Number of protein chains: 2
Amino acid sequence: MIPSPYFLYLGHSNDEIGIKTSRGLAVFRREDCVGEFRHDGCGLTLGLPRLTIEQAVAAGAKTLVLGIANAGGKLGEDLVQDALAAIEAGLNIASGLHQRLRDEPRLVAAAQAKGVSLFDVRDPAHDLPVGNGERRAGKRLLTVGTDCSVGKMYTTLHLARALQARGIPADFRATGQTGILIAGAGVPLDAVVADFISGAIEYISPARNDGGWDLIEGQGSLFHPSFAGVSTGLLHGAQPDALVLCHEPNRPHMRGLPHYQLPRLADCLEANLRTARLTNPDVKAVGIALNTSKMMPEAAAQLCAETSDAFGLPCVDPVTMGVEPIIERILTCEA
Amino acid sequence: MIPSPYFLYLGHSNDEIGIKTSRGLAVFRREDCVGEFRHDGCGLTLGLPRLTIEQAVAAGAKTLVLGIANAGGKLGEDLVQDALAAIEAGLNIASGLHQRLRDEPRLVAAAQAKGVSLFDVRDPAHDLPVGNGERRAGKRLLTVGTDCSVGKMYTTLHLARALQARGIPADFRATGQTGILIAGAGVPLDAVVADFISGAIEYISPARNDGGWDLIEGQGSLFHPSFAGVSTGLLHGAQPDALVLCHEPNRPHMRGLPHYQLPRLADCLEANLRTARLTNPDVKAVGIALNTSKMMPEAAAQLCAETSDAFGLPCVDPVTMGVEPIIERILTCEA
């Protein structure tokens, strides 16, 4: 596995959503993170000490995590230069970008010369199966969303931890680079070859007979024209018994696409249930998770209450309100 | 490009659908095919001369096309042995299987020793874009299906040729290995990385301003639990103005999945229209294509008439009845 402690890269980022991998590690693996790397122009922070590469090494860092995302996932020249400096200082490099570290000859040469490793978290396992859609034992929950980056991973992790806290066997199944770095396992679903999307999920969430739950991290959105294919295959592979719909209120348009509006919550939930029924006719919605980080607390509480009433489902912000109401509803799925 | 004439491989196949790549070439590029290779156990024929490798070389063949398909797309030991014999005789090898020729060291070594080439048709172009969903100029038609292998490629090719015969600019856009071998270009969609499915279609079917049509080959089915993600991204990337629904009557279950029934035509058409509307709200159905190859002609004609009445759409078997009624309907899409 990837050696910790981690040094988390922000670079020049000024897009909060673009640093979600670094932030995910800072939140869910904080004890393993020594600090953050940012250039002067970067207006964001993870609340970790801002360190130079040399300070990070002195603080014990073993790996620089390039925990930033951009559409297309390319390695920019900035990233390459910063990674070269980190390698020179003796750090391993981990990346979740589509463009692989191993495909940049300067990084490969430098890593070889210094005896450090390059970790491409987005390399899927070899020999993934084609999905077969056969019903398998065990309970599975999938988070789905109105858009990309609306809180599906956070919600899934909070649900997994809440079930575990009650002594119920529960496993977080990671499907994206941040989740994989947090969990130490999973499949980078957006990097899987298209024919194997549903099979990849069947592979990481096999039959279970211990009465516990798999909590599967959703990806994309059925309403995102760039990524809905991934979301569809994920729904079919997951065979979810339970869906939690994730949403960020007040988002002006679909992520990266100013010409696309977000779907209505009711339309989005219905589309997800309809798609999921192909492989699990008994799927049901068990909750709605709102990312209210940009709202005042009173407004957030009111919106959750109204949404809950409108849908007859528990509705919370998992980060600020916890997930107990959804857990209660999940447990009614147990036959 | 891949040197012709071709020698078409059937091997030990006894599954008609499994030889669809060889058959597609035999039908649509017949003038470029010298013969077929089959073992004694093979109960199928393309109607081409059955030749040994030596006879094929003597007849002028330049490339053995491994035009067979199997779930998972592995290179079996039979295929490897036959390909080695063909290389030894001086033939190039082309394959549309998921498992690449270049990943089988014996084939690579033999090809190098003999100075022939290995063509992996399922290698997608590098640097495919992420889909952006932006409306683009030009008319596009997409074939969709109740299942895999129900006649989407045949229908698309017949539609392209019928439009061309009327002097209307029309391009067949291939999305599978057979279509790519026939057209000489395209994208092997099931081999594209999941994040780029819709972007790959935007790439092969760009804006056009000549008043003509792109006829885009469909893949899979929204109702196939293994491949619906591919079909979804294809719908979104195509932004189709027109859909043709393809179906094979009397198929007992979804291809490869005895536990899944085929969808009803009406449900399938509605699901495709609903999904397509995300990127083209004006999409409409322009016809239904039935593969009636396993039916008596009278029964086929009656079923087409009944289906046409039930849906208010032209319904034909493109191979036996032509596509003129659908072409007439397509031309009503022109504003």
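Note that residues are indexed from 1 along each chain, following the sequence as it is written. To label them, take the chains in the order written and letter them from A, then take the ligands in the order written and number them from 1. Only residues with pLDDT of 70 or above have their local features reported here, since the model is predicted, and side-chain atom pairs are shown and tallied only from 80 upward, although totals for entire chains, interfaces and linings are computed over all residues. Hydrogens and water are ignored here; the side-chain numbers use all heavy atoms of the structure.

*Asks:* Whenever I open this one, the overall build of chain A confuses me. Can you help?
*Replies:* Numbering goes from the N terminus for both helices and strands, where a helix is a DSSP run of H or I of at least four residues and a strand is a run of E of at least two. Assigned secondary structure in chain A consists of twelve helices and eleven strands. With C-alpha atoms as the basis for the radius of gyration, the globule rule is written as 2.2 Å multiplied by the number of residues raised to the power 0.38. Relative to the globule expectation of 20 Å for 335 residues, the C-alpha radius of gyration of chain A, 20 Å, shows essentially globular dimensions. Taken along its principal axes, the extent of the C-alpha atoms in chain A is 55 × 50 × 45 Å. In this analysis, two residues are considered to be in contact whenever any of their non-hydrogen atoms come within 4.5 Å of each other. Excluding contacts between residues fewer than 6 apart, the proportion of contacts in chain A whose partners are at least 24 apart in sequence is 74%. For chain A, the exposed area adds up to about 12800 Å²; of that, 53% sits on carbon and sulfur atoms. Charge assignment in this entry is limited to Lys and Arg as positive and Asp and Glu as negative, and neither His nor the chain termini are counted. Charged side chains are reduced to one point each, which is NZ for Lys, CZ for Arg, CG for Asp and CD for Glu. Treating the 30 positive side-chain charges of chain A as one cloud and the 37 negative ones as another, the clouds have centres 1 Å apart. Accessible surface is estimated by sampling points in the Shrake-Rupley manner with a 1.4 Å probe; for residues, cover comes only from the protein chains shown.

*Asks:* Got a minute to help me understand the nonpolar core in this structure?
*Replies:* Within soluble globular proteins, side chains that are nonpolar generally end up buried alongside one another. Core analysis: the largest hydrophobic core is formed by 77 residues, its most contacted members being Leu189(A) and Leu189(B). Beyond its immediate sequence surroundings of up to four residues, Leu189(A) is in contact with Thr175(A), Ile197(A), Ala200(A), Ile201(A), Val230(A), Leu234(A) and Ala194(B). Buried Ala, Val, Leu, Ile, Met, Phe, Trp, Tyr and Cys residues that are joined via side-chain atoms within 4.5 Å together make up what is termed a nonpolar core. Exposure is judged per residue with a 1.4 Å probe applied to protein chains only, and the accessible area is read against the type maximum: over 50% gives exposed, under 20% gives buried, and values in between give partly exposed.

*Asks:* Whenever I open this one, the sheet that holds strand S7 (residues 170–173) of chain B confuses me. Can you help?
*Replies:* Strand pairing within a sheet occurs via backbone hydrogen bonds; the two strands may be parallel or antiparallel. All names here are of chain B. One open sheet accounts for six strands, arranged S7-S8-S6-S9-S10-S11; its pairing is parallel. Only two strands of the sheet have a single neighbouring strand rather than two, namely S7 and strand S11 (315–316). Sheet topology note: the strand S6 (residues 139–145)/strand S8 (residues 213–216) ladder contains four bridges and is parallel. The residue bridging Leu 141 from the neighbouring strand is Leu 215, located in S8. Inter-axis angles, ranging from 0 to 180 degrees, are taken between N-to-C directions of lines fitted to C-alpha atoms, where helices are fitted over the stretch in contact. Across the sheet, helix H12 (residues 324–331) touches S6, S8, strand S9 (242–247), strand S10 (284–290) and S11, and the angle it forms with S10 is around 175°. Strands qualify as paired when DSSP identifies two bridges or more between them.

*Asks:* I would appreciate a short explanation of the relation of the copies chain B and chain A in the present structure.
*Replies:* Here two copies of a chain appear, and what relates them is a rotation about an axis with a shift along it. In screw terms, the move from chain B to chain A is a rotation of 180° and a rise of 0.1 Å along the axis, fitting with an RMSD of 0.0 Å. These values place the two chain copies in the arrangement generated by a two-fold rotation axis. Comparing interface residues between copies, 100% of those in chain B also sit at the interface in chain A, which points to an isologous, same-surface contact. The copies were overlaid with a least-squares fit restricted to C-alpha atoms from residues scoring a pLDDT of at least 70 in each copy.

*Asks:* Explain the domain arrangement of chain A here, please?
*Replies:* Many descriptions give the size of an interface as the accessible area lost when the pieces come together. Residues and elements named next belong to chain A. Split into domains, chain A comes out as domain 1 (6–120) and domain 2 (139–331). Taken over C-alpha atoms, the centre of domain 1 sits 27 Å from the centre of domain 2. Listed per partner, the contact involves 15 residues of domain 1 and 14 residues of domain 2. Both faces combined, the contact of domain 1 with domain 2 buries some 1400 Å², and carbon together with sulfur accounts for 61% of it. When the buried surface of domain 1 facing domain 2 is broken down by residue, Ile 17, Thr 21 and Phe 28 rank first, second and third, together holding 44% of it. For the domain bounds, the source is a domain assignment made automatically or taken from a database. Accessible area that two parts lose when put together, with a 1.4 Å probe and added across both, is what the buried area reports.

*Asks:* Before we go on, may I ask you to explain the packing of aromatic side chains in this structure?
*Replies:* The description of two aromatic rings rests on the distance between their centres and on the angle between their planes. Residues and elements named next belong to chain A. Two aromatic rings from Phe, Tyr or Trp, using only the six-membered ring of Trp, form a pair when their centres are within 6.5 Å; if the ring planes differ by under 30 degrees the pair is stacked, by over 60 it is edge-to-face, and anything between is tilted. Under the definition given, this model contains six aromatic pairs over all chains. Here the aromatic rings of Phe 28 and Tyr 154 are separated by 5.1 Å at their centres, their planes lie at 75°, and the arrangement is edge-to-face. One end of the pair, Phe 28, is in helix H1 (residues 20–28); the other, Tyr 154, is in helix H5 (residues 152–165), and 126 residues separate them in sequence. Look at Phe 28 and you get buried, because its relative accessible area is 5%. Each residue in the set Phe 7, Tyr 9 and Phe 37 is aromatic and connected to the rest through ring pairs, giving one cluster.

*Asks:* Looking at this structure, I do not really get the interface of chain B and chain A. What am I missing?
*Replies:* Across the boundary between the two partners, chain B contributes 37 residues, which contact 38 residues of chain A. Carbon and sulfur atoms make up 58% of the surface buried where chain B meets chain A, a total of about 2800 Å² over both sides. Of all residues in chain B, Ala194(B), Asp195(B) and Leu278(B) bury the most surface against chain A, accounting for 19% of the area lost on that side. Counting residues per element, the ones that place at least two in the side of chain B that touches chain A are helix H7 (197–204) and helix H8 (228–238) of chain B. Polar here means any residue outside two lists: the nonpolar Ala, Val, Leu, Ile, Met, Phe, Trp, Tyr, Cys and Pro, and the charged Asp, Glu, Lys and Arg; Gly therefore counts as polar. The residue makeup of the side of chain B that touches chain A, split by class, is 17 nonpolar, 14 polar and six charged.

*Asks:* Honestly, the UniProt feature "domain: D-glutamate N-acetyltransferase-like C-terminal" (unreviewed entry) in chain A in this entry has me stumped. Any pointers?
*Replies:* UniProt positions are given in the numbering used here, feature names are shortened, and annotations may be inferred rather than shown by experiment. Per the UniProt annotation, the sites labelled "domain: D-glutamate N-acetyltransferase-like C-terminal" (unreviewed entry) are residues 130–326 of chain A. Split by type, residues 130–326 of chain A is 38% helix and 15% strand. Its first and last C-alpha atoms lie 32 Å apart.

*Asks:* Just checking my understanding: could you explain the sheet that holds strand S5 (residues 118–120) of chain A for this structure?
*Replies:* Residues and elements named next belong to chain A. Pairing is parallel in the open sheet, where five strands are placed in the order S2-S1-S3-S4-S5. Every other strand in the sheet has two partners, leaving strand S2 (33–38) and S5 as the edge strands with one partner each. In this sheet, neighbouring strand axes are inclined to one another by 20° on average, regardless of whether the strands run parallel or antiparallel. Alignment of strand S1 (residues 6–11) against strand S3 (residues 63–66), held across three bridges, turns out to be parallel.

*Asks:* Any chance you could explain unusual backbone geometry here in plain terms?
*Replies:* Negative phi values dominate among residues other than glycine, just as trans dominates among peptide bonds. Residues and elements named next belong to chain A. The amide bond that connects Ser 4 to the next residue, Pro 5, takes the cis arrangement and shows omega of 5°. Note that Pro 5 resides in the segment before S1. Phi at Asp 127 is positive, roughly 60°, even though this residue is not glycine. When you line up the elements, Asp 127 lands in the loop between S5 and strand S6 (139–145).

*Asks:* Please explain helix H1 (residues 20–28) of chain B as it appears in this structure.
*Replies:* Since the α-helix turns once every 3.6 residues, residues separated by three or four places project in the same direction. Along H1(B), the positions that sit buried rather than exposed are Thr21(B), Ser22(B), Gly24(B), Leu25(B), Ala26(B) and Phe28(B). Those residues of H1(B) that are buried lie in contact with strand S1 (6–11), strand S2 (33–38), strand S3 (63–66), helix H5 (152–165) and helix H6 (177–183) of chain B.

*Asks:* Teacher, can you tell me more about the environment of Ile288(B) here?
*Replies:* Residue and element names in this part refer to chain B. By the secondary structure assignment, Ile 288 is in strand S10. Separated by 28 residues in sequence, Ile 288 and Val 316 have C-alpha atoms that sit 6.6 Å apart. If we skip the residues at most four places from it in the chain, Ile 288 touches Val 244, Leu 245, Thr 307, Phe 311, Leu 313, Pro 314, Cys 315, Val 316 and Ile 326.

*Asks:* How do you make sense of helix H7 (residues 197–204) of chain A when you look at a structure like this?
*Replies:* Within H7(A), seven of the eight residues are buried, which leaves it mostly tucked inside the rest of the structure. If you check which residues of H7(A) are buried, you get Ile197(A), Ser198(A), Gly199(A), Ala200(A), Ile201(A), Glu202(A) and Ile204(A).

*Asks:* Looking at this structure, I do not really get the state of the cysteines. What am I missing?
*Replies:* Here a disulfide denotes one covalent bond, and it connects the sulfur atoms of two cysteines. All names here are of chain A. In this description, the term disulfide denotes a pair of cysteine sulfurs within 2.5 Å. According to the stated counting rule, one finds zero disulfides over all chains in the structure shown. Lacking any disulfide linkage, Cys 148 is separated from the closest cysteine sulfur, that of Cys 268, by 11 Å. With relative accessibility at 11%, the residue Cys 148 sits in the buried group. Cys 315 takes part in no disulfide bond, and the closest cysteine sulfur to it belongs to Cys 304, at a distance of 4.0 Å. Take Cys 315: its relative accessible area is 8%, and that puts it in the buried class.

*Asks:* Honestly, the environment of Val323(A) in this entry has me stumped. Any pointers?
*Replies:* If you trace the backbone, Val323(A) turns up in the loop between helix H11 (318–321) and helix H12 (324–331). Ignoring sequence-local partners within four residues, the contact set of Val323(A) consists of His158(A), Leu159(A), Ala162(A), Val316(A) and Pro318(A).

*Asks:* Would you take a moment to explain the packing of H7(A) against helix H8 (residues 228–238) of chain A for this structure?
*Replies:* Residue and element names in this part refer to chain A. Two elements in contact, H7 and H8, have axes separated by 7 Å at closest approach and are oriented at 40°. It follows from the interaxial angle that H7 and H8 lie oblique. Considering only the axes of H7 and H8, their crossing is right-handed. Contact residues: Ile 197, Ser 198, Ile 201 and Glu 202 in H7; Gly 229, Val 230, Gly 233, Leu 234, His 236, Gly 237 and Ala 238 in H8. Here the residues of the contact of H7 with H8 sort into five nonpolar, five polar and one charged. An angle below 35 degrees is treated as roughly parallel, one above 145 as roughly antiparallel, one from 65 to 115 as roughly perpendicular, and anything else as oblique. Each helix crossing is assigned a hand: it is left-handed if the near helix lies turned anticlockwise from the far helix by less than a right angle, otherwise right-handed if that turn is clockwise.

*Asks:* Quick question: what am I supposed to make of the side chain of Asp241(A) here?
*Replies:* All names here are of chain A. For Asp 241, the position within the fold is in the loop between H8 and strand S9 (242–247). Here Asp 241 occupies a buried position and makes no salt bridge, while the nearest side chain of opposite charge, Arg 135, is found at 4.3 Å. Throughout this description, a polar contact denotes any pair of N or O atoms lying within 3.5 Å of each other; where both atoms belong to protein, one of them has to be capable of donating a hydrogen while the other can accept it, and for residues adjacent in sequence the pair is counted only when both atoms sit in side chains. Polar contacts involving the side chain of Asp 241 include one to the side chain of Asn 280, which spans 3.3 Å. When residues no more than four places from it in sequence are discounted, the contact partners of Asp 241 are Arg 135, Gly 138, Lys 139, Arg 140, Trp 213, Asn 280, Asp 282, Val 283 and Lys 284. Any carboxyl oxygen of Asp or Glu that lies within 4 Å of a side-chain nitrogen of Lys or Arg is treated as forming a salt bridge with it.

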